[in-house]
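# Observations on the three-dimensional arrangement
Chain residues, written in single-letter form:
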Amino acid sequence: MTQKFDDSFKELEQSIMEDMKRAYSEKTIDHFLSPRNLGEIPAPDGFGRVTGPCGDTMEIYLKVKDGRVVNASFWTDGCGPSIASGSMVTEMAKGKNISEAQRISQHDVLDALGGLPEESEHCALLAANTLKEAIKDYLLYKNESWKRAYRKR
Ligand code: FES
């Protein structure tokens, strides 16, 4: 009985994986199943939250030192491609200086993921836009960081 259940579960798992492989690149599947940089960074130097036209939201948290992104993380209530995109965009931002990070585009995220199905390309845009918001927030408070304590998130 248990063996039969295990076998059916494995078959189901395999068929889900095969469906995913037909639609997504290996890199996207990897970032979706094992997202990097997931979660909040306490007291971030930059924070962005964007809700896309699909109704899904992403948040990005940045730690910046000497004009360079030293840590980045994300959260989303969105789909698998949005998780992969958040994971990828935060990986791409880490180690870059602010102006380099600001230039990371939807296209760059799509390239790094090995592409997304056309109907999911906007998920990469959500990630790129959220990163831009987080950088905008960093720049806004850069010289008056005490004001962060009074801002609403
Ligand atoms: Fe909304 Fe992917 S469908 S972010």
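Here, every reference points to the structure presented above.
The structure contained in this document is the topic of the report that follows. Being a predicted model, the structure only gives us computed values, none of them experimental.

What follows covers the overall build of the protein chain. Scanning the protein chain for helices and strands turns up six helices and three strands. When the helices and strands of the protein chain are listed from N to C terminus, the series reads α-α-β-β-β-α-α-α-α. If you line up the protein chain on its principal axes, its C-alpha atoms span 65 × 30 × 30 Å. Burial status across the protein chain gives 41% buried among its 153 residues. If you take every contact in the protein chain between residues at least 6 apart in sequence, the share linking residues at least 24 apart comes to 60%. If you sum the accessible surface of the protein chain, you get close to 9000 Å²; carbon and sulfur atoms cover 51% of it. When the 21 positive and 24 negative side-chain charges of the protein chain are each reduced to one mean point, those points stand 9 Å apart.

Moving on: unusual backbone geometry. The phi dihedral of Asn37 is positive, around 60°, even though this residue is not glycine. Mapped onto the secondary structure, Asn37 falls in the loop between α2 (26–33) and β1 (46–51). Relative accessible area serves as the criterion here: at 18%, Asn37 is assigned to the buried category. Phi is positive for Ala43, close to 45°, though the residue is something other than glycine. Among the structural elements, Ala43 can be located in the loop between α2 and β1.

Let us look at the packing of aromatic side chains. Here a ring pair, both rings aromatic, is described through the centre-centre distance and the interplanar angle of the planes. Applying the stated rule across the entire model yields two aromatic pairs. Relative to Phe9, the ring of Phe5 lies with its centre 6.4 Å away and its plane at 20°, an arrangement referred to as stacked. Of this pair, Phe5 and Phe9 both sit in helix α1 (residues 2–23), four residues apart, which is roughly one turn of that helix. Judged by centre distance (5.1 Å) and plane angle (55°), the rings of Phe47 and Tyr61 are tilted. Taken as a pair, Phe47 in strand β1 and Tyr61 in strand β2 (residues 57–65) lie far apart in primary sequence, 14 residues in all.

The element β2 is extensively covered by neighbouring structure, given that seven of its nine residues are classed as buried. Note that β1 and β2 share six bridges and pair antiparallel. Note that in β2 the partner of Arg49 across the bridge is Glu59. Linking β1 to β2, which pair antiparallel, is a turn of five residues; within it Gly55 sits at a positive phi near 95°. Relative to strand β3 (residues 68–76), β2 is paired through eight bridges, and the arrangement is antiparallel. Looking at the pairing, Met58 lines up with Thr76 of β3.

Analysis parameters
- Residue numbers here run from 1 along each chain, matching the order of that chain's written sequence.
- The predicted nature of this model means local features are confined to residues of pLDDT at least 70 and side-chain atom pairs, given and counted, to a pLDDT of 80 or more, with totals for whole chains, interfaces and linings taken over all residues.
- The basis for every side-chain value is the complete set of heavy atoms in the structure, and neither hydrogens nor water enter the calculation.
- Note on conventions: DSSP H or I runs of at least 4 residues are helices, E runs of at least 2 residues are strands, and numbering of each starts at the N terminus.
- In this scheme, a residue with accessible area under 20% of its type's maximum is buried, one over 50% is exposed, and one in between is partly exposed, where area comes from a 1.4 Å probe on protein chains only.
- The contact rule is simple, with two residues in contact once any of their heavy atoms fall within 4.5 Å.
- Here, Shrake-Rupley sampling with a 1.4 Å probe gives the accessible areas, and only protein chains in the shown set may cover a residue.
- When charges are counted, Lys and Arg contribute as positive and Asp and Glu as negative, whereas His and the chain ends are disregarded.
- To locate a charge, take atom NZ for lysine, CZ for arginine, CG for aspartate or CD for glutamate.
- Two aromatic rings from Phe, Tyr or Trp, using only the six-membered ring of Trp, form a pair when their centres are within 6.5 Å; if the ring planes differ by under 30 degrees the pair is stacked, by over 60 it is edge-to-face, and anything between is tilted.
- For two strands to pair, DSSP has to find at least two bridges joining them.

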